[in-house]
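# Secondary and tertiary structure notes
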Amino acid sequence: MSGAALVTQSLANAGVKTIFSLSGNQIMPIYDACIDAGIRIVHVRHEAAAVYMADAWAQITGQVGVALLTAAPGLTNGLAPLYSARMAESPVLLLSGDSPLKADGMGAFQELAQTQITQALVKHARRTAKASELGRDVTWAISEALSGRPGPVHLALPFDLLKQKVEPDTSGGLRAERRSTKPGADSVDQIGGLLAAAVRPLLLVGPANNRSRAHALLERFARSTGAPVIPLESPRGLRDPSLGAFAESLGRADLVMLAGKIIDFTVDFGRQPAWHPEAKVVVVDPDPAVLDRAQRLLGARMVASVCADADETLEALAAREWHAPREDWNAAVAQSCALRDAPEGKSEKISPRLLCAAVQQLLEQAKNPILVCDGGEFGQWAQAYCTAPARIINGMSGAIGGGICYAIAAKIARPDATVVLLMGDGTAGFHFTEFDTAVRENAPFLAVIGNDYRWNAEHVIQMREYGPDRLIGCTLSPSARYDAAAQAFGAFGAQVLRADDLDPALSGALRSNRPACVNVEMDGRPAPLFRTGGTPAPSAD
């Protein structure tokens, strides 16, 4: 068999049935091997889209998402989404074709030190050195992506090794498995005791344990301990509109448990006034470097430090009862998180809040809804006023532009789901050609564009910092017809200029059973910031 067949055999052994890719010379052997392995290739229009789709696949399924890119420019086109996947804590395997090993140093076609480029963006980067090790390296890479804090792993595959004949793996192959690090019994007892003794405890978790990925676990933990649970996965941190006025509750907590949540800008580095000066802090993380950072930033306030997987620790705590009566505290936190009081103001155009309300009504009526939010200001409106059991946002990286890719992969992962994407008009431009991919792959989803004809996040910053006479580089064309462009790719398209036309356009898009783009002329407004009158949320900087 060929080295490429070893690669696809290992992917199949790990349960991989779908990969995302854009074709290129150095990965043609793997394309050919996918036919015999029964692996579906979702063929995209830009390499970055493949990585975004692998990220979304991982988030929706809990399995490794696989992107296959060709060498040099193919790989470098996919770099930015690697950062997003790393910050979203998504288990992604990036396979890249590479120039022949035997031609190293000779100036081969698209020769590039790939792993030196990717190592800062991934958990691990490796270039396979022997054809016989290709399968073993794929298995290793998948295990690494899934283990500890999940994240992307890059494996470069030299072209000559993929073509080389090797002995078949008749051992049944190694299985790619997630390695788990469980907390010791003493650590569980210590944390449980601290939670039981606290009056106003909070659990903060990171992206890998958000409500879409770990809902049942978080519910069990909350029942067992009586502690409110808050996932943090937005680059706006404590100003995340989907958290309402939660920042005010954080400032009152007397015990904060960080389970897999890195202490960073999103929690204002554990500083006052965002945190109560006397709050005790428990940190659970599989990465010793994260524990060291927490110790450095928190000092004596960190009363417990456990090097273990966050989910394993939460499972151990949820298996026992640590509950203490604190109904008033739970009600206060829930009330702060539910606050959504933002003034509507007056405008002839559709407001972001009205648009989100119409989409939320659709989500509540949909079968198996999946919500995707992407963009700057409008993306925050979407997170504030739209919700679904499964959600993908543009995450901790602060990057925008992957939303169409996320939505396609989500639909392919869950064919029976109703996938709805809300994004701004700036965001739409990054990967709009992937509507062609959605049509070819029969992956219908609904994209709703909140179109304010500008890069509104930057517009807001310039207005605030420099004034209206210093606006530059924020305007987008009002003549851009995203709905018509989607139609040209074979999708459904509708333009909405009046509020009365909004519901018919949305329902018509769903009835079309095609990829759909509803282009809504909207009043551009700053993202909402909720507070009850207490301490405002600190800025995420």
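Keep in mind it's a predicted model, so treat the numbers as computed, not measured.

Tallied over the entire structure, the rule returns 24 salt bridges. With a closest N to O distance of 3.1 Å, glutamate 144 and arginine 179 form a salt bridge. Of the two residues, glutamate 144 is situated in helix H7 (residues 134-146) and arginine 179 in the loop between helix H8 (159-163) and helix H9 (185-197); the sequence distance between them amounts to 35 residues. When its relative accessible area of 12% is taken as the criterion, glutamate 144 is described as buried. For aspartate 311, the salt bridge is made with arginine 178, and the minimal N-O distance between the two is 2.9 Å. You can see aspartate 311 sitting in helix H13 (residues 310-318) and its partner arginine 178 sitting in the loop between H8 and H9, a full 133 residues away along the chain.

Our next topic: the sheet that holds strand E5 (residues 124-127). Spatial strand order, E2-E1-E3-E4-E6-E5: six strands in an open sheet with parallel pairing. Edge strands, defined here as strands with exactly one partner in the open sheet, are strand E2 (40-43) and E5. Between one strand axis and the next, the sheet turns through 25° on average, direction left out of account. Both strand E1 (residues 18-21) and strand E3 (residues 65-69) contribute to a ladder of two bridges, which runs parallel. By the bridge assignment for E3, serine 21 is matched with leucine 68.

Across the sheet, which stays open at both edges, the five strands sit in the order E8-E7-E9-E10-E11 with parallel pairing between neighbours. Of all strands in the sheet, those with a lone pairing partner are strand E8 (229-231) and strand E11 (302-307), marking the two edges. Averaged over all neighbouring strand pairs, the angle between strand axes comes to 15°, with direction disregarded. H9 rests against strand E7 (201-205), strand E9 (255-259), strand E10 (280-285) and E11 of the sheet, and its axis sits at about 145° to E11. The strands touched by helix H10 (residues 211-225) within the sheet are E7, E8 and E9, with E8 carrying the most contacts at an inclination of about 165°.

What follows is about unusual backbone geometry. Between glutamine 272 and the following residue, proline 273, the backbone shows a cis peptide bond with an omega angle of 5°. Summarising the element assignment, proline 273 is placed in the loop between E9 and E10. Within the chain, glutamine 110 stands out as a residue other than glycine whose phi angle is a positive 60°. Looking at where glutamine 110 falls in the secondary structure, it is placed in the loop between strand E4 (92-98) and helix H6 (114-118). For asparagine 513, which is not a glycine, the phi torsion comes out positive at approximately 55°. Tracing the sequence through the fold places asparagine 513 in the loop between helix H22 (502-511) and strand E17 (516-521).

We now examine the nonpolar core. Counting residues in each nonpolar core, the largest one holds 52 residues, and the members touching the most others are Phe20, Met53, Phe432, Phe435 and Phe445. Judged by nonpolar contacts, the second largest core, of 33 residues, contains Ile350, Val448, Ala494 and Ala505.

Looking now at the pairing of E2. Relative to E2, E1 runs parallel, the two sharing four bridges. The partner of serine 21 across the bridge, within E2, is histidine 43. Handedness of the crossover is the feature at issue here: the chain leaves E1, passes through helix H2 (residues 28-37), returns alongside E2, and the resulting connection is right-handed.

Once that is clear, we can look at the packing of H9 against H13. Between H9 and H13, whose axes approach to 10 Å, the crossing angle comes to 65°. Judged by the angle between their axes, H9 and H13 are roughly perpendicular. Considering the relative orientation of H9 and H13, their crossing is right-handed. When H9 is examined against H13, the residues Val188, Ile191, Gly192 and Leu195 are found in contact with a partner set consisting of Thr313, Ala316 and Leu317. Class assignment for the residues of the contact of H9 with H13 results in five nonpolar, two polar and no charged.

Another aspect to go through is the packing of helix H3 (residues 47-61) against helix H17 (residues 403-413). At their nearest, the axes of H3 and H17 sit 8 Å apart, and the two run at 45° to each other. With respect to H17, the element H3 is oriented oblique. Regarding H3 and H17, the two cross each other, and that crossing is right-handed. Contact residues: H3 offers Ala49, Tyr52, Met53, Asp55, Ala56, Trp57, Ile60 and Thr61, while H17 offers Cys405, Tyr406, Ile408, Ala409, Ala410, Ile412 and Ala413. Its residues placed into classes, the contact of H3 with H17 shows 13 nonpolar, one polar and one charged.

What follows concerns the state of the cysteines. Enumeration according to the criterion identifies zero disulfides in this entry. Lacking any disulfide linkage, cysteine 356 is separated from the closest cysteine sulfur, that of cysteine 386, by 4.3 Å. Cysteine 356 sits in the buried class, given a relative accessible area of 0%.

On to H3. For H3, built from 15 residues, the straight-helix expectation of 21 Å at 1.5 Å per residue is met to within 8% by its first-to-last C-alpha distance of 21 Å. Of all 15 residues that make up H3, 14 are buried, and the element is covered over most of its length. Phi for glycine 62, located one or two positions after H3, is positive at around 80°.

One can find alanine 505 in helix H22. Excluding anything up to four places from it in sequence, alanine 505 contacts Phe492, Ala494, Val496 and Val518.

Once that is clear, we can look at H7. When the terminal C-alpha atoms of H7 are compared, their 19 Å separation across 13 residues agrees well with the 18 Å that a helix rising 1.5 Å per residue should span. Most of H7 sits out of view: 11 of its 13 residues are buried. Lining the buried residues of H7 we find helix H1 (3-13), E4, E5, strand E6 (153-158) and H8. Phi for glycine 148, located one or two positions after H7, is positive at around 65°.

Analysis parameters
- Residues numbered from 1 in each chain as written.
- Predicted model: local features only at pLDDT ≥ 70, side-chain atom pairs only at ≥ 80, totals over all residues.
- Heavy atoms only, no water.
- Salt bridge = Lys/Arg side-chain N within 4 Å of Asp/Glu carboxyl O.
- Helix = DSSP H or I, 4+ residues; strand = E, 2+ residues; numbered from the N terminus.
- Buried < 20%, exposed > 50% of the residue type's maximum accessible area, 1.4 Å probe, protein only.
- Pairing = 2+ DSSP bridges.
- Axes fitted to C-alpha atoms, helices over the stretch in contact; angles between N-to-C directions.
- Contact = heavy atoms within 4.5 Å.
- Core = buried A, V, L, I, M, F, W, Y, C linked by side-chain atoms within 4.5 Å.
- Right-handed = clockwise from strand over helix to strand, strands pointing away.
- Parallel < 35°, antiparallel > 145°, perpendicular 65-115°, else oblique.
- Left-handed = near helix turned anticlockwise from the far one by under 90°.
- Nonpolar A, V, L, I, M, F, W, Y, C, P; charged D, E, K, R; others polar.
- Disulfide = S-S within 2.5 Å.
- Expected span 1.5 Å × (residues − 1).

Such coordinate-based values are descriptive only and should not be taken to indicate function.
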